[in-house]
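What the coordinates show
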Amino acid sequence: MVRNYLQEKLIQGIQRDGPIRLDHFIEHVLYTPKYGYYQQNAPSMQGQDFITAPELGVEFVNALDDWLRPTLQREQINKIIEIGPGSGALAKALGHIWKDELQDYFFLEKSTGLQNAQKKLCQSTTYQWIDQIKSFDSPVLILGNEYLDALAARRFKMNNQQCQEALIGYDHDFYWHYQNQSYSLDGYVPSESAMDIIDLKPVFQLLDPIKCGLVVFIDYGYHFSEYQALPYKQDSLRGFYRNQVIKLPWEHIGQMDLTVDVN
C-alpha cells in the first residue's frame, strides 16, 4: 500500500506514543493544514462526496425563515454566529431574506478551504469571520446546520461495568483498540444502539461566552431501532467518499469526510 502524508504521520505517531483517541484521529485527518479533508483548496460540499440541505433549493431556508423570524423580531436579535457554515450557501440565503433584521453575520469556520469558498460567495460587509465565539451585550442567534455530526468525538463503551475508550492502533494496518478508562459516564443516557456505544462531544463548552441568545442546531441521525434493524447502519461513525458510505474511519485518509451521527 502506498501511504500518503497523513497516513505516515498517523502511523509514526501511534508507533511512538501508542493508540490514538478517536477525536484526535478525526481532527488529524480532517484539519491538518494542507492535507486534511477540510483544509484542502476545494473541499467538496456540493455533491462529489455528500450534499447538505441548503444546496438543494429554497425549501430549507424558507422553513428556517418561517420558524425563526418571529423570534428574531420579538427578541430584537440582529446578530448571527453560524458555526461550521460549509459552502456559505445558507448564510447567503439568510442574509438576503433577513436583510432588514440583520446587522452582523459571523462565520465560525476552521477550514481554510471552506473560508475561501465562503468569501467568494458572501461578499457583503454584513459577513465577518471569527476564530472563536464572541460575547455580545445584545442577544445573538447561534446557528449550526449539520455541525454536531461534524464534531470530533471521543468514543466509549461499558464492558462488564468497566468504562472502555475506543482508540485507533496500528499493526500492519489500523485497528480498534479498547482501553480501560476511569472516565465517568455518570449522567449520560446509556446507548440504545446495537453497538452499545457512547460518543461524547464538547459542544456546550463552545457556547460558554454567550450571555444571552438563541441556540439552534439542526442535525440528522437514526433512531436506535434503525441501527438494530439495518446492519449497515450499526455504527454512528461513518465516512463519506464519492457519495458512498465508508465504515472504517481509516479508509481514504484525507480524502473523505468523517461524521458521527446524532442519535
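Each remark here, short or long, concerns the structure printed above.
Residues numbered from 1 in each chain as written. Predicted model: local features only at pLDDT ≥ 70, side-chain atom pairs only at ≥ 80, totals over all residues. Heavy atoms only, no water.

1. Focus on the sheet that holds strand β2 (residues 79-83)
- The 5 strands lie next to each other as β4-β3-β2-β5-β10, forming an open sheet whose pairing is parallel. Both outer strands of the open sheet, β4 (127-130) and β10 (213-218), are each paired with one neighbouring strand and no more. Neighbouring strand axes in the sheet, compared pairwise and without regard to direction, differ in orientation by 20° on average.
- Strands β5 (140-145) and β10 of the sheet are contacted by helix α3 (residues 59-75), whose axis makes an angle of about 160° with β10. (Pairing = 2+ DSSP bridges. Helix = DSSP H or I, 4+ residues; strand = E, 2+ residues; numbered from the N terminus. Axes fitted to C-alpha atoms, helices over the stretch in contact; angles between N-to-C directions. Contact = heavy atoms within 4.5 Å.)

2. Quick notes on the packing of α3 against helix α4 (residues 89-97)
- For the pair α3 and α4, interaxial distance at closest approach is 10 Å and the crossing angle is 50°. In terms of orientation, α3 lies oblique with respect to α4. Considering the relative orientation of α3 and α4, their crossing is right-handed. Residues Phe-60, Val-61, Leu-64, Asp-65 and Arg-69 of α3 form the contact with α4, whose participating residues are Leu-90, Ala-93, Leu-94 and Ile-97. (Parallel < 35°, antiparallel > 145°, perpendicular 65-115°, else oblique. Left-handed = near helix turned anticlockwise from the far one by under 90°.)

3. Structural notes on the packing of helix α1 (residues 5-17) against helix α2 (residues 22-31)
- In contact at an axis separation of 10 Å, α1 and α2 are set at 155° when each is read in the N-to-C sense. Judged by the inter-axis angle, α1 sits roughly antiparallel to α2. Judged by the sense of rotation from one axis to the other, the crossing of α1 with α2 is right-handed. Across from Leu-6, Lys-9 and Leu-10 in α1, the residues of α2 making contact are Phe-25, His-28 and Val-29.
- Split by residue class, the contact of α1 with α2 holds 4 nonpolar, 1 polar and 1 charged. (Nonpolar A, V, L, I, M, F, W, Y, C, P; charged D, E, K, R; others polar.)

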